[in-house]
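Given next are the chains, with one letter for each unit.
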Amino acid sequence: MQNQAIQVKGLQKSYTKLHVLKGVDFEVEKGSIFALLGSNGAGKTTIVKILTTLLKHDGGTAAVNGFDVASRPDHVRQSISLTGQFAAVDEILTGRENLIMIAKLRHLNNPRQVADDLLNRFGLTDAADRRVSTYSGGMRRRLDIAMSLVGKPQLIFLDEPTTGLDPEGRIEVWKTVKELANGGTTVFLTTQYLEEAEQLADRIAILHEGKIIANGTLAELKKLFPPAKVEYVEKQPTLEEIFLAIIGKKEEK
Amino acid sequence: METVKKHFFSDMGVMLGRSMRHIFRSMDTIITVTITPIAMMLLFVYVFGGAIQTGTDNYVNYLLPGILLIAIASGIAYTAYRLFMDMQRGIFERFHSMPIARSAPLWGHVLTSLVSNAISVVVIILVALIMGFRSSAGVLSWLAVAGILALFTLALTWIAAIAGLSATSVDGAGAFSYPLIFLPFISSAFVPTESMPSVVRAFAENQPVTSIVEAIRALLSGQPVGNDIWIALAWCVGIMLVAYVFAMRAYKKRV
Ligand SMILES: Nc1ncnc2c1ncn2[C@@H]1O[C@H](COP(=O)(O)OP(=O)(O)OP(=O)(O)O)[C@@H](O)[C@H]1O
Ligand SMILES: [Mg+2]
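Definitions and limits used
- Every chain's residues receive numbers from 1 upward, in the order its sequence appears when written.
- All chains are assigned letters beginning with A, and all ligands numbers beginning with 1, in the order in which they are written.
- Under the rules for a predicted model, residues below a pLDDT of 70 receive no local features and side-chain atom pairs below 80 are neither given nor counted, while totals for whole chains, interfaces and linings still include all residues.
- Hydrogens and waters are ignored; side-chain quantities use all the structure's heavy atoms.
- Salt bridge criterion: a side-chain nitrogen from Lys or Arg within 4 Å of a carboxyl oxygen from Asp or Glu.
- A helix here means a DSSP run of H or I that spans at least four residues, while a strand means a run of E at least two residues long, and both kinds are numbered starting from the N terminus.
- In this scheme, strands are said to pair when DSSP sees at least two bridges between them.
- Inter-axis angles, ranging from 0 to 180 degrees, are taken between N-to-C directions of lines fitted to C-alpha atoms, where helices are fitted over the stretch in contact.
- Residues count as neighbours in contact if any of their non-hydrogen atoms are within 4.5 Å of one another.
- Within 3.5 Å is the distance limit for a polar contact, defined as a pair of N or O atoms, with the added protein rule that one can donate a hydrogen and the other accept it, and that residues adjacent in sequence qualify only through two side-chain atoms.
- Coordinating donors are taken to be N, O and S atoms lying within 2.8 Å of the metal, or within 3.2 Å when the metal is Na, K or Ca; because water is excluded from the atom set, some sites may appear incomplete.
- Summary of the burial criterion: residues with accessible area below 20% of their type's maximum are buried, those above 50% are exposed, and those between are partly exposed, where the area comes from a 1.4 Å probe applied to protein chains only.
- Defined here as a combined quantity, buried area equals the accessible surface (1.4 Å probe) lost by two parts on assembly, summed across both.
- Charged means Asp, Glu, Lys or Arg here, nonpolar means Ala, Val, Leu, Ile, Met, Phe, Trp, Tyr, Cys or Pro, and polar covers whatever is left, Gly included.

Draft legend 1. How the structure looks around the pattern of salt bridges. Throughout the structure, instances matching the rule amount to 15 salt bridges over all chains. The salt bridge involving Asp86(B) is made with Arg18(B); its shortest N-O contact spans 2.8 Å. Within this pair, whereas Asp86(B) is found in helix H3 (residues 59–88), its partner Arg18(B) is found in helix H1 (residues 8–25), the two being separated by 68 residues in sequence. One salt-bridge network, held together by shared partners, links Asp90(A), Arg18(B) and Asp86(B).

Draft legend 2. Representation of the sheet that holds strand E10 (residues 211–216) of chain A in the model. Residues and elements named next belong to chain A. Ordered by their spatial adjacency, 6 strands build an open sheet running E6-E7-E8-E3-E9-E10, and the pairing between neighbours is mixed. In the strand order of this sheet, the two ends are held by strand E6 (80–83) and E10, each with one partner. Averaged over all pairs of adjacent strands, the angle between their axes in this sheet comes to 15°, without regard to strand direction. Pairing of strand E9 (residues 203–208) with E10 involves 5 bridges; the strand directions are antiparallel. Looking at E10, one finds that Leu207 is bridged to Ile212. Across the sheet, helix H5 (residues 137–149) is in contact with E6 and strand E7 (155–159); its angle to E6 comes to roughly 170°. In the packing of helix H6 (residues 167–182) onto the sheet, contacts are made with strand E3 (33–37), E7 and strand E8 (186–191), and the angle to E8 comes to roughly 150°.

Draft legend 3. Representation of the sheet that holds strand E1 (residues 4–14) of chain A. All names here are of chain A. With antiparallel pairing, the 4 strands of this open sheet are ordered in space as E2-E1-E4-E5. Edge positions in the open sheet fall to strand E2 (19–29) and strand E5 (67–68), since each of these has one partner strand only. Note: E1 against strand E4 (residues 59–64), 5 bridges, orientation antiparallel. Across the sheet, residue Val8 finds its bridge partner in E4, namely Ala62. Relative to the sheet, helix H1 (residues 44–51) contacts E1, E2 and E4, its axis offset from that of E2 by approximately 60°.

Draft legend 4. Looking closely at the side chain of Lys13(A). Residues and elements named next belong to chain A. For Lys13, the position within the fold is in strand E1. From its side chain, Lys13 meets the backbone oxygen of Lys56 in a polar contact 2.8 Å long. Non-local contacts of Lys13, meaning those with residues more than four positions away in its chain, are made with Leu18, His19, Val20, Leu21, Thr46, Ile50, Leu55, Lys56, His57 and Asp58.

Draft legend 5. Geometry of the coordination of the magnesium ion (ligand 2). Residue and element names in this part refer to chain A. The protein atoms donating to the magnesium ion (ligand 2) are Thr45 (OG1) and Gln85 (OE1), with metal-donor distances spanning 1.8 to 2.1 Å. Separated by 40 residues along the polypeptide, Thr45 in helix H1 and Gln85 in the loop between E6 and helix H3 (95–105) bring together distant segments of the chain. Of the residues examined, Thr45 reaches a relative accessible area of 24% and is grouped as partly exposed.

Draft legend 6. Layout of the interface of chain B and chain A. Counting from both sides, the interface comprises 27 residues of chain B and, opposite them, 32 residues of chain A. Of the roughly 2700 Å² buried where chain B meets chain A, counting both sides, 60% is carbon and sulfur surface. When the buried area of chain B at its contact with chain A is split by residue, Arg25(B), Arg94(B) and Ser97(B) rank highest and sum to 25% of it. Taken together, the links from chain B to chain A amount to 5 salt bridges. Between Arg21(B) and Glu97(A) there is a salt bridge, and its shortest N-O distance comes to 3.2 Å. For the side of chain B that touches chain A, the secondary structure elements donating two or more residues are H1 and helix H4 (91–96) of chain B. Counting residues per element, the side of chain B that touches chain A draws most heavily on H1(B), at 8 residues. Across the side of chain B that touches chain A, the residue classes break down as 10 nonpolar, 6 polar and 11 charged.

So this is what it looks like as structure tokens:
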């Protein structure tokens, strides 16, 4: 078996007028947490949609668990699960009903038990029998992620999982992501928060103007930063500074 | 390598369960699809009925088929609405990134439309019975009526699916049903077409609702149905097939 959960080569995608992806390359190792960083409109969601078989690409190749997303979408869907940028929960159903529905669609043996376990794990037991329309944003997000864990998929896509959450909610999601990775699940997440990538990811890729302009571990990315200036206090660059520095360099060319 | 198993019917069952819950949890759906046609039936029978000459002594009998079609036409507006809302929210993306039959979410809505319209049709018939509706139809005729109504529902549901899948706003998704609700008024549903001016009459006699209404009316009153039933079936099946093709095309474009 190969070790790559995701392999993307020369990925191209245009919307009617806009050339969003202009040859994107990266690989994600099995069992790792991979963060894709990019500002608004960089094309993060576009990449997630292509990898989760929701959108067709125009050029290049993308494979998930060794299966080409364009020619073997059914096989890809077997092993992945998506938590999209906007909560994909059913507002009219209760939290429990949402989880049971997904468990049934995944043809698990004991949907009720699966739902109970996840409700418990995500602290939603008290709200389990309330309609989701009465949930707070944080609760909704937790349910959304819980729904993605039904059936224990090997690879989980989280598109901006913490956008709109308060710091507490964010830390909770981080904890979940770390637990998942410890359990051997591969996590592909996108974020605009550089701190988030710094906290979670084994590898970080920065998407800018249709290409991956940097890809590596946090330590590797820090090396890309120009040598620290001599000041009274030597300061470690934050990922934010690295990001801005790299973009700055590209634009000078 | 494991093969990809499809569980079309169980997936569709889950989808059906989901949208039936939606229906039972939104009172306005239930009110619009059953109470409005019932109110219309009361109005026509007890207010206008005395002035309408249909050549039958029991106006409820005359009116019922048209009322049922109006109920179905307003019922499917909600199918378009529910489909549109599902496309807007992330839930369809979740479904489509899961290993389930591709068209199960869409068929779930279609089945829901069939079931919910069947429920409102039954409720309206019960009210009509209280209002004095009587039928000499046998089991076979009732089955034929059920079959025509089911086909009519399916034909309109697939039209609704096109609207729900291609609309750009909630209002757009529902708006297409107004002309459909209006069609029965320019047919023999409420008054015989003989009373209409010639242009209107020509339209009324050649549009689908008239033949469907006439066929159901004949079946329910135990009279020979003649050609009407075949014309009615041809309309329903024809509309259904064309709408199905376009709806599926719209669906494939979206997923
Ligand atoms: N269906 C579409 N049709 C046309 N343009 C689109 C479509 N979807 C996205 N775009 C455009 O493509 C670009 C990339 O969008 P995408 O949603 O992938 O960005 P993103 O990195 O996820 O941004 P954000 O951080 O705001 O979620 C944006 O400029 C967006 O306006
Ligand atoms: Mg996005």
